[in-house]
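Working through the structure, step by step
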Amino acid sequence: MKKITKQTYIKWYKDMLFWRKFEDKLAALYIQQKIRGFLHLYNGQEAVLAGALHVMKENDKMITAYRNHVQPIGLGVDPKRIMAELLGKNTGTSHGLGGSMHIFSPEHNFYGGHGIVGGQIPLGAGLAFADKYFERDGVTLTYFGDGAARQGSLHETLNMAMTWKLPVVFIIENNGYAMGTSVKRTTNVEEMWKLGLAYEMPCGPVDGMNPVKVAEAMGEAIERARRGDGPTLLEMKTYRYRGHSMSDAQKYRTKEEVNEYRKIDPITQVLEIIKTKKYATEKEIKTWGDEVKTHILACQKFAEESPFPDKQLMYDVVYEQEDYPFLKHK
């Protein structure tokens, strides 16, 4: 695995702080009704992404569910375009037609953003199948939540991925509550990584609040896939500080529980290492925070000042049959 250095910790801190504050701004814009529909935030789960990005290579891909705003930013998408997409603007990643749940950027190897629970699981295996078929040096990271692990498509996909030794890593982001029902109430197998045992798939639990642990586990799984030894199932034990979506009243858990998990906040953990090892001064750390605020305000300004897409666009982004005999193209 690529060495974890001083620069790694600084990058992790800057990235995770930006992702957290970026989504805090999204929450504020949602309350102002500038973002419509649903909004699912990643607050608390940032280490899962930070650790994975450390070990990914150029041709590796990522696909996930609808908690999907910061992943494309980590892969290189301009956050201004992400914010514009959420505000439904023409400068967004899908010209405002995808919105919060469907961020998409194949040029940055990010394949969504899927609103159908578990729908991305077989698609991730399909991306991996394409890489194997065309002999491309790529591994697909397929993310889904503890709730999506109840879908039958998961088991069909795990079976086929093992049979064909596909270059894919399946990652359960287990934040404990799915949409609002605890894992304990929905399964007899609370150690969800054990689902892989039924298919003799390499599998295991990971501390999803620690980017070092994530990087170590992901690095091993990605290299296994890359050398042709097939998939891995990892259960990232993580936690979300906000509700399932902005409309979630969170009556299924206590504030005390949330505060206990805040004590192991991934951003705080990384910051403590930076301070303990004297990787940066207090002044430098404050400067990073100020830079994050400035960057987010620039994203907001860009998104709010961008135009909405023309209605004509709706007719130009759907399949068109040239000899269709009924309705003329408008």
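Everything discussed here concerns the structure shown above.
Residues numbered from 1 in each chain as written. Predicted model: local features only at pLDDT ≥ 70, side-chain atom pairs only at ≥ 80, totals over all residues. Heavy atoms only, no water.

Structural notes on the overall build of the chain
When you go through the chain residue by residue, the secondary structure sums to 11 helices and 5 strands. In terms of overall size, the chain behaves like a compact globule, its C-alpha atoms giving a radius of gyration of 20 Å where 330 residues would be expected to give roughly 20 Å. Restricting to contacts in the chain with at least 6 residues of sequence separation, those with at least 24 account for 74%. Counting 45 positive and 41 negative side-chain charges, the chain places the averaged centre of each group 5 Å from the other. (Helix = DSSP H or I, 4+ residues; strand = E, 2+ residues; numbered from the N terminus. Rg over C-alpha atoms; globule rule 2.2 N^0.38 Å. Contact = heavy atoms within 4.5 Å. Lys, Arg positive; Asp, Glu negative; His and termini not counted. Charge placed at Lys NZ, Arg CZ, Asp CG, Glu CD.)

Side note on the pairing of strand β5 (residues 232–237)
In terms of residue burial, β5 counts as a mostly covered element, since 5 of its 6 residues are buried. Relative to β5, strand β4 (residues 203–207) runs parallel, the two being bridged by 5 bridges. In the strand pairing of β5, Gly-204 is matched with Leu-234. For the handedness criterion, the β-α-β arrangement of β4, helix α7 (residues 211–226) and β5 is classed as right-handed. (Buried < 20%, exposed > 50% of the residue type's maximum accessible area, 1.4 Å probe, protein only. Pairing = 2+ DSSP bridges. Right-handed = clockwise from strand over helix to strand, strands pointing away.)

Here's the deal with the pattern of salt bridges
For the coordinates displayed, the defined rule picks out 19 salt bridges. Between Asp-265 and Arg-20 there is a salt bridge, and its shortest N-O distance comes to 3.0 Å. Of this pair, Asp-265 sits in the loop between α8 (255–262) and α9 (266–276) while Arg-20 sits in helix α1 (residues 6–31), placing them 245 residues apart in sequence. Take Asp-265: its relative accessible area is 6%, and that puts it in the buried class. The salt bridge partner of Asp-290 is Lys-286, with a shortest N-O separation of 3.0 Å. Here the residue Asp-290 and the residue Lys-286 both occupy positions in helix α10 (residues 282–305), the gap between them amounting to 4 residues, near one helical turn. According to the relative accessible area criterion, Lys-286 is exposed, its value standing at 54%. (Salt bridge = Lys/Arg side-chain N within 4 Å of Asp/Glu carboxyl O.)

Considering the layout of surface pockets
If you add up the space inside the largest pocket, you get close to 380 Å³. Lining the largest pocket are 18 residues, and of these Asn-174, Asn-175, Gly-176, Thr-238 and Tyr-261 lie nearest its centre. At the level of secondary structure, the elements contributing two or more residues to the lining of the largest pocket comprise β5 and α8. Here the lining of the largest pocket is composed, by residue class, of 6 nonpolar, 5 polar and 7 charged. (1 Å grid on protein atoms, 1.4 Å probe; cavity = no way out; pocket = protein on both sides within 12 Å on 5 of 7 lines; lining within 4 Å. Points joined across faces, edges and corners; volume = space filled by probe spheres on them. Nonpolar A, V, L, I, M, F, W, Y, C, P; charged D, E, K, R; others polar.)

Structural notes on the packing of helix α4 (residues 79–86) against α10
Closest axis-to-axis distance for the α4/α10 pair is 8 Å, and the angle between their directions is 45°. What the angle tells us is that α4 and α10 run oblique. The way α4 lies across α10 gives a crossing that is right-handed. Note on element contacts: α10 touches α4 through His-295, Ala-298, Cys-299, Gln-300, Phe-302 and Ala-303, opposite Pro-79, Lys-80, Arg-81, Met-83 and Ala-84. Grouping the constituent residues of the contact of α4 with α10 by class yields 7 nonpolar, 2 polar and 2 charged. (Axes fitted to C-alpha atoms, helices over the stretch in contact; angles between N-to-C directions. Parallel < 35°, antiparallel > 145°, perpendicular 65-115°, else oblique. Left-handed = near helix turned anticlockwise from the far one by under 90°.)

Re a nonpolar patch on the surface
A cluster of nonpolar side chains, Leu-97, Met-314, Tyr-315, Val-317 and Val-318, forms an exposed patch at the surface whose accessible area comes to about 470 Å². Structurally, Tyr-315 is set in helix α11 (residues 313–316). (Patch = residues over 30% accessible without salt bridge, like charges linked within 9 Å, V, L, I, M, F, W, Y side chains within 5 Å. Areas by Shrake-Rupley, 256 points an atom, 1.4 Å probe, with all protein chains shown as cover.)

Let's talk about the packing of aromatic side chains
In this structure the tally under the stated criterion is 11 aromatic pairs. Ring geometry for Tyr-239 against Tyr-261: centres 3.8 Å apart, planes inclined by 5°, an arrangement best described as stacked. With a gap of 22 residues between them, Tyr-239 in the loop between β5 and α8 and Tyr-261 in helix α8 connect regions that are remote in the sequence. Three or more aromatic residues link up through ring pairs in this structure, and these residues are Phe-129, Tyr-133, Phe-134 and Trp-164. A cation over a ring is seen here: Arg-262 above Tyr-241, with NZ or CZ 4.3 Å from the ring centre. (Phe/Tyr/Trp six-rings, centres within 6.5 Å; stacked < 30°, edge-to-face > 60°. Lys NZ or Arg CZ within 6 Å of the ring centre and 35° of its normal.)

Examining the sheet that holds strand β2 (residues 140–145)
Strand order in the open sheet formed by 5 strands is β1-β2-β3-β5-β4, with parallel pairing between adjacent strands. Each having just a single partner strand, β1 (61–63) and β4 make up the two edges of the open sheet. The sheet shows a mean angle of 25° between the axes of neighbouring strands, direction not considered. Relative to β2, β1 runs parallel, the two being bridged by 3 bridges. The partner of Ile-63 across the bridge, within β2, is Thr-142.

Read these as spatial facts, not as claims about activity.
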